[in-house]
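# Examining the three-dimensional arrangement
Okay, here's what each chain looks like letter by letter:
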Amino acid sequence: MSITEERTNNVIGQRMLRREDPALLTGEAKFVNDLAIPGALHLAVLRSPYAHARIKSIDVSDAASMPGVVAVYTGKDLQSTWAAPMPCAWPVTPDMKNPAHYPLAVDKACYVGDGVAAVLATSETASRDALDAIDVVYEPLPAVIDLEDALSDRVVIHDAIGTNTSYTWNLKVESAEGAVEQAFKNAAFTVSERYVQQRLIPMAMEPRAVAAVPQPFGGDVTLYSATQVPHILKVMTAITLGIPEHQMRVVAPSVGGGFGSKLDVYAEELLCVALARKHGAPVRWVEERSENTQATIHGRGQIQNIELAADKDGRLTAVRVRLIGDMGAYLQLVTPGVPLLGAFLYAGVYDLPQAYDFSCTSVFTTMTPTDAYRGAGRPEATYAIEVAMDALARTMGIDPYELRKRNYIKKEQFYDASGNPTGYTAFHGLNYDSGDHLAAAEKAMQHADYVALRKVQATQNVPGARKRLGVGMTSYFEMCGLAPSRVLASLNYGAGGWESATVRVLPTSKVQVVTGTSPHGQGHETSWAMIAAEKLGVAPEDVDVLHSDTAIAPLGLDTYGSRSLAVGGVAIAGACDKVIDKARLIAAHQLECAAEDLQFEKGTFSVKGSPDKAVPIAAIAFAAFTAHNLPDGVEPNLEAQYTHDPKNFSWPFGTHVCVVEVDTETGKVDVLKYVAVDDCGNQINPLIVEGQVHGGVVQGMAQALYEEAVYDEDGNLKTSNLAEYLVPAACDVPPITTDFTVTPSTTNQLGVKGIGEAGTIGAASAVMNAVIDALSGLGITKLDMPASPNNVWKAIQAAQGGNQ
Amino acid sequence: MKVSITINGTTQSHDVEPRTLLVHYIREHAHLTGTNIGCDTSSCGACTVHLDGEAVKSCTILAAQADGGTVTTIEGLTKNGEMHPMQKAFMENHGLQCGYCTPGMVMAAIGLLNENPKPSEEEVRLGLEGNLCRCTGYHNIVKSVLAAANK
């Protein structure tokens, strides 16, 4: 289809197949480790086998003399290389403790997997072989793997800060002093629950990989990395290594999933750049899976104490939360901020008065650092409030859906008395721009056939029944689309939350979109082309999307926190508007009319009331290129850059329902049905939206049923590869029923919200509520994740007074 | 040692270390990088290829064991610029997101249909047990394989 052909259909909203797919399906796509880099040296990192140990001595002489080995470095050798320690961009409180963290440990190793030495060799096998020949003498120290033990400072991990507590962060909101206390005193019902968010290993299917290529003259370096954040990585590498920022270029080629684990600045990236500069040769590194489980961040890791107060009808009157956050051994890029991202959501989707008391204390442990993992803080918060709501319903003896209906923020509360959309300003001051929780919940209940299920359950779950049916639900609000820069400032985040886009109409009327987002599976090339095509009235095939290379897309804040569409996609729409504004001036000049007399529709400017006086944007683009006859003051070329700083977070919401059958003899949980009804506002490409929900749901379900990073008491990771850490396979999960309600966002021109994390946010609690529902007749009202056969069976035995 | 393998129709001979795995041979000696490595325990299936017509995890086999054999990798599925029906089914059903597990998943799915041309949904799920995907939740992968089976 050519650009001038009249378009009859809207592009936005179509189930367009992904343009990314052919390269990925045929093996043509290049991931970092697929890049051919002549003359590259290979980096291998020797990692501490101890969770906590003083490094007494390191002898590298044998390793250094092995065939193919070019150099061996210890942390001491490289200490003068670093201009600054590894970055943490989120000092959440002014007094937050952040121990200096370097790419290689110098005096002490603080977790199993902490790098202590590096080998450079002419082949990957030579570099790894040499690791075995490095002789390190350690003085083992006690491991700290329990969060409450860490809090006690029985063993202090970082001598320089003298405590294991990194920070305490509070969010207390009261209508009057003592409101929370008073609400609990006056409550008709209260619940007090303790939940453990087990550590999870993100396990993107592509392990990390890095290649640093020094350019021949002038000190420039190109860093190829399997990263979600090329722009952040560029700035941070420059700062950490003292390289002028304009000499750093970062490229993220095809990236095989991230889920937050590639939202970071890692030791190996800095080592590759530093050693490439030192040796004047390319240096590359690829992570093995069993290395990935230790050297790439973990997610979750919280102990949550949540108390709810409710009146006689079950309406929430106060929420109190005490968290302990597991930071792991060091603070990575946004480690300390993860609990804060959930801090606003412990009242879920409910109409809570100003009686909220949240406090989080985060501690260091001798385990792999934690950081953002799909949902980052929000799945944890949603889990706590939603599982606690079921506990409250049980306490009251009412149906959990009925309890939620009494508490939902109502649709009309998002509007003023005249029906204008005002959003709902919550107790903590953030404005939820839009929502209709009851509509989404009703739809989910219909798909699940809730009423009928309860009847089946009543007949099935009789005493002695081997297989017990359980139904669980979750209603969630996802606070995403990170984020308004001013709000981030109030949370002490070290950067803004804007996104940049450039839209360029080339002389032949093809369009280039340059985005600061950095996809790794989300299909941005397809969706961003659809946005530009819709705005400019061109065919999506005529739009190319450029990204993930700081030399091509110099401005950007990358992809995480379900921000890409709600911030980056909206930036593209804004850039298109600027292109259209400029084109309008040229069109008015050509048509000899006033710019305000022109309308722009389906890619053509025409004079209002005289549709025959018209000029297509293709002709304008060519005129802008030749610049032969432009109006005074208009620059040649049709191009515009726009930076979008969102006015608000994005507030997707929805209800998920899970139906399980628990085999009481084996403890095995079978998910019979999973219904996700999500509302992410207007959808650009429903095909991609559904895919995001499917994947997110299974990741949440995996936390509920399968996954856990298990450490022994000495701090060894027992689940250190894919044979031991149970990432579910196709046969472990059910098909997912997806449906949607559409409540457009009122704070961006596309009416869009995020969707990448919604599934994960909703799923863990929906599944666990179903499992507990199945077992509550046996007296089981609490169960830690994962609800593995072993854990479920033990809980049943304990409840029945049997031997465990 | 010298190893000779026919990959995607071309017979190649290379001197390799005896410990060389087939996947490393494919990637580093035959320079076909479509076959990915996702683990070190033969758990993930990202490296699945066809050896003498059967789907195998190429990290579980030494290049020496494949000596004289015939290997098809993801690059060998395309004929005259046309994707294989399984590749097309994955595209049409959004059966991939990041695409890293995809080459192995497609090779495993073709192997599955070779053995069981009309599988049920449950048989597809069980048949792909050895291939992990972290993005799709498998929903659209299963849909893709069923669609390919019904073509």
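## Looking at the overall build of chain B
Secondary structure assignment for chain B yields five helices and five strands. The order of helices and strands in chain B, counted from the N terminus, is β-β-α-β-β-β-α-α-α-α. Compactness check: chain B gives a C-alpha radius of gyration of 15 Å against a globular reference of 15 Å for 151 residues, within 12% of the reference. Oriented by its inertia axes, the alpha-carbon framework of chain B measures out at about 45 × 35 × 25 Å.

## Some words on the sheet that holds strand β24 (residues 610–616) of chain A
Residues and elements named next belong to chain A. Taken in spatial order, the three strands of this open sheet run β22-β23-β24, and their pairing is antiparallel. Pairing within the sheet leaves two strands with one partner each, and these edge strands are β22 (598–601) and β24. Neighbouring strand axes in the sheet, compared pairwise and without regard to direction, differ in orientation by 30° on average. Against the sheet, helix α17 (residues 564–591) engages β22, β23 (604–607) and β24, with an angle of about 125° to β22. Packed on one face of the sheet, helix α18 (residues 617–626) meets β23 and β24 and runs near 45° to β24.

## Things to note about the nonpolar core
By size, the foremost hydrophobic cluster in this structure holds 311 residues, and its most contacted members are A:C272, A:V513, A:A532, A:I572, A:V767 and A:V771. When residues of this core are assigned to their parent elements, the largest contribution, 14 residues, is made by α17(A).

## Notes on the domain arrangement of chain A
Residue and element names in this part refer to chain A. Partitioning chain A into structural domains gives domain 1 (21–29 + 498–644), domain 2 (32–141 + 207–255 + 262–295) and domain 3 (435–478 + 648–799). Just the C-alpha atoms count here: the centres of domain 2 and domain 3 sit 38 Å apart. Counting from both sides, the interface comprises eight residues of domain 2 and, opposite them, eight residues of domain 3.

## Topic: the domain arrangement of chain B
Residue and element names in this part refer to chain B. Looking at the assigned domains, one finds that chain B contains domain 1 (2–76) and domain 2 (85–149). One C-alpha centre belongs to domain 1, the other to domain 2, and the line joining them spans 21 Å. The partner domain 2 presents eleven residues to the 15 residues of domain 1 that form the contact. When contributions to the side of domain 1 that touches domain 2 are tallied by element, the ones reaching two or more residues are β3 (48–51) and β4 (54–57).

## Structural notes on the confidence of the model for chain A
Per-residue confidence for chain A averages 96 on the pLDDT scale, and 99% of its residues sit at or above 70. Counting contacts from residues 1–8 of chain A, a segment whose pLDDT is below 50, to residues more than four positions away or on other chains yields 14 contacts.

## Focus: the sheet that holds strand β12 (residues 283–286) of chain A
Sheet strands pair by backbone hydrogen bonding; their relative direction is either parallel or antiparallel. Residues and elements named next belong to chain A. With respect to topology, seven strands assemble into an open sheet ordered β3-β5-β1-β12-β9-β10-β11, the strand pairing being mixed. Lying at the two open borders of the sheet, with one neighbouring strand each, are β3 (69–74) and β11 (248–251). Across the sheet, the axes of successive neighbouring strands diverge by a mean angle of 20°, strand direction being ignored. Seen against the sheet, helix α7 (residues 230–241) touches β10 (221–225) and β11 and runs at an angle of roughly 150° to β11. Along the sheet, helix α8 (residues 267–279) contacts β1 (41–47), β5 (115–121), β9 (209–214), β10 and β12; its crossing angle with β9, the most-contacted strand, is approximately 25°.

## Some details on helix α3 (residues 102–115) of chain B
Helix length check: α3(B), at 14 residues, gives a terminal C-alpha distance of 20 Å against a target of 20 Å (1.5 Å per residue), a fit within 8%. Within α3(B), ten of the 14 residues are buried, leaving the element largely enclosed by the surrounding structure. Regarding α3(B), the residues found buried are B:T102, B:P103, B:G104, B:M105, B:V106, B:M107, B:A108, B:A109, B:I110 and B:L112. Where α3(B) is buried, its residues touch α1 (21–26) of chain A together with β3, β4, α2 (85–92), α4 (121–127) and α5 (139–149) of chain B.

## Structural notes on the pairing of β9(A)
All names here are of chain A. Burial analysis of β9 places five of its six residues in the buried class, which makes it a mostly covered element. Relative to β12, β9 is paired through four bridges, and the arrangement is antiparallel. Residue pairing for β12: A212 is matched across the bridge by V283. The turn linking β9 back onto β10 is made up of six residues, and G218 within it adopts a positive phi angle of 85°.

## Focus: the environment of B:A109
All names here are of chain B. Mapped onto the elements, A109 comes out in helix α3. In the structure, A109 is positioned 15 residues away from V124 in sequence and 8.1 Å away in space, judged by C-alpha atoms. A109 has contacts with M86, L128 and V145, leaving out every residue within four places of it along the chain.

## Quick word on α7(A)
Residues and elements named next belong to chain A. In this model, α7 (twelve residues) spans 16 Å end to end at C-alpha, consistent with the 16 Å of a helix rising 1.5 Å per residue. Those residues of α7 that are buried lie in contact with β10, β11 and α8. The positive-phi residue at the C-terminal boundary of α7 is G242, with phi of around 65°.

## Describing the environment of B:G76
All names here are of chain B. Looking at where G76 falls in the secondary structure, it is placed in the loop between β5 (70–72) and α2. Residue classification places G76 among the buried positions, given that 21 C-beta atoms sit within 10 Å. For the pair G76 and G9, spaced 67 residues apart in sequence, the C-alpha separation works out to 8.0 Å. What G76 contacts, discounting residues up to four positions off in sequence, is N8 and G9.

## Some remarks on the interface of chain B and chain A
A common way to report how large an interface is uses the accessible area buried once the components associate. Between chain B and chain A, the residue contacts involve 44 residues of the former and 39 residues of the latter. Contributing elements (two or more residues each) for the side of chain B that touches chain A: α2, α3, α4 and α5 of chain B. Considering only residue class, the side of chain B that touches chain A consists of 22 nonpolar, 16 polar and six charged.

## A word on the confidence of the model for chain B
Across chain B, the average pLDDT comes to 97, with 100% of residues at or above 70. Across the whole predicted complex the pTM is 0.97, and at the interface the ipTM reaches 0.99.

Rules and cut-offs
Residues numbered from 1 in each chain as written. Chains lettered and ligands numbered in written order. Predicted model: local features only at pLDDT ≥ 70, side-chain atom pairs only at ≥ 80, totals over all residues. Helix = DSSP H or I, 4+ residues; strand = E, 2+ residues; numbered from the N terminus. Rg over C-alpha atoms; globule rule 2.2 N^0.38 Å. Pairing = 2+ DSSP bridges. Axes fitted to C-alpha atoms, helices over the stretch in contact; angles between N-to-C directions. Contact = placed C-beta atoms within 7 Å. Core = buried A, V, L, I, M, F, W, Y, C linked by C-beta atoms within 7 Å. Buried ≥ 20, exposed ≤ 12 C-beta atoms within 10 Å, placed from the backbone. Domains from an automatic or database assignment. pLDDT = per-residue confidence, 0-100. Expected span 1.5 Å × (residues − 1). Nonpolar A, V, L, I, M, F, W, Y, C, P; charged D, E, K, R; others polar.

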